[in-house]
Amino acid sequence: MEKRKLGSTDMRASVLGFGGSEIGYERASVATVKKLLNRALDAGLNVIDTAECYIASEELIGAAVSARRKDYYLLTKCGHERGWSYPDWRPESLLRSVERSLKRLKSDCVDLIQLHSCPEKELRRGAVIEALGRARERGYARYLGYSGDSQAALYAVECGAFDVLQISVSVADQEAIDHVLPLALERHSG
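Let me sum up the structure you'll find in this document. Since the model is a prediction, treat every value here as computed from it, not as a measurement. (Residues numbered from 1 in each chain as written. Predicted model: local features only at pLDDT ≥ 70, side-chain atom pairs only at ≥ 80, totals over all residues. Heavy atoms only, no water.)

**Brief notes about the environment of Val30**
Then, number 1: Within the secondary structure, Val30 is located in helix 2 (residues 30–42).
Then, number 2: Put simply, Val30 and Glu81 are 51 residues apart on the chain and 23 Å apart in space, counted from C-alpha to C-alpha. (Helix = DSSP H or I, 4+ residues; strand = E, 2+ residues; numbered from the N terminus.)

**Remarks on helix 3 (residues 57–65)**
Then, number 1: Among the nine residues that make up helix 3, seven are buried, leaving the element largely enclosed by the rest of the structure.
Then, number 2: Among the residues of helix 3, those classed as buried are Ser57, Glu58, Leu60, Ile61, Gly62, Ala64 and Val65. (Buried < 20%, exposed > 50% of the residue type's maximum accessible area, 1.4 Å probe, protein only.)

**Details of the sheet that holds strand 4 (residues 47–49)**
The strands making up a sheet associate through hydrogen bonds between their backbones, and the pairing can be parallel or antiparallel.
Then, number 1: The six strands are arranged 3-4-5-6-7-8 in an open sheet whose pairing can be described as parallel. The sheet is open, and its two edges are formed by strand 3 (18–19) and strand 8 (164–166), each paired on a single side.
Then, number 2: Inspection of the sheet shows strand 3 paired to strand 4 by two bridges, in the parallel sense. When the sheet's bridge partners are listed, Phe18 is paired in strand 4 with Ile48.
Then, number 3: Against the sheet, helix 4 (residues 91–105) makes contact with strand 5 (73–78) and strand 6 (110–116), and its axis sits at roughly 145 degrees relative to strand 5, the strand it touches most.
Then, number 4: Most of the contacts of helix 6 (residues 127–137) go to strand 7 (residues 141–147), to which it runs at about 155 degrees, and overall it touches strand 5, strand 6 and strand 7. (Pairing = 2+ DSSP bridges. Contact = heavy atoms within 4.5 Å. Axes fitted to C-alpha atoms, helices over the stretch in contact; angles between N-to-C directions.)

**Brief notes about empty space enclosed by the protein**
The gaps of empty space that remain are located by a probe, the size of a water molecule, rolled over the atoms.
Then, number 1: Considering all chains together, one arrives at one cavity of 30 Å³ or more under this definition.
Then, number 2: As a volume, the largest cavity reaches approximately 40 Å³.
Then, number 3: Lining the largest cavity are Ala156, Val157, Phe162, Val164, Leu165 and Ser189.
Then, number 4: Mapped onto the lining of the largest cavity, the elements with two or more residues apiece are helix 7 (150–159) and strand 8.
Then, number 5: Looking at side-chain class alone, the lining of the largest cavity contains five nonpolar, one polar and no charged residues. (1 Å grid on protein atoms, 1.4 Å probe; cavity = no way out; pocket = protein on both sides within 12 Å on 5 of 7 lines; lining within 4 Å. Points joined across faces, edges and corners; volume = space filled by probe spheres on them. Nonpolar A, V, L, I, M, F, W, Y, C, P; charged D, E, K, R; others polar.)

**A word on the nonpolar core**
Then, number 1: Among the nonpolar cores identified, the biggest contains 46 residues, and Ile48, Leu115, Leu123, Tyr146 and Phe162 are the most heavily contacted of them.
Then, number 2: With six residues, helix 7 is the single largest residue contributor to this core.
Then, number 3: Those residues in contact with Phe162 that lie beyond four places of it in its chain are Leu115, Leu123, Ile129, Leu132, Leu144, Gly145, Tyr146 and Ala156.
Then, number 4: Tyr73, Leu75, Leu112 and Tyr143 belong to the second largest nonpolar core, which has eight residues in total. (Core = buried A, V, L, I, M, F, W, Y, C linked by side-chain atoms within 4.5 Å.)

Rendered as structure tokens:
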């Protein structure tokens, strides 16, 4: 499988990755997730992305492939400690969330921890970015990222605090192509 350098990180990410939301929301069985992820890893996929708010996704991934941790880059997101409908940007909540994610994923460290759709107003205050920086200092994450869209994503690139940007681009939503991605490319954001 083709791999590409992810921005200025040392990660050589497969062009296809695994998004863990559906296995959590659909409450897939551990056996199903084991089969799915092991086959994907065997085929050369090396990116597994999830989030704390994807119901049981982190636990399923941890149970299925934690023994193969060196075979993939592990990405997760924080900011919704009690579920998607309840964003919580307090630094202590973010750090608790990251610690809980590590336990669920059965890993000492994730390759990338991302703020999950954090509003621009919160990013500008800086406390959420400082909290992620503390998570990295504690060895919980190698890199920091922002996962979101529009003006908040643009600010995430402009502020220079994030190594990676995860943004939506689809046939129906192409705002990022002209609005955010040129600056992300210029700044070598993953």
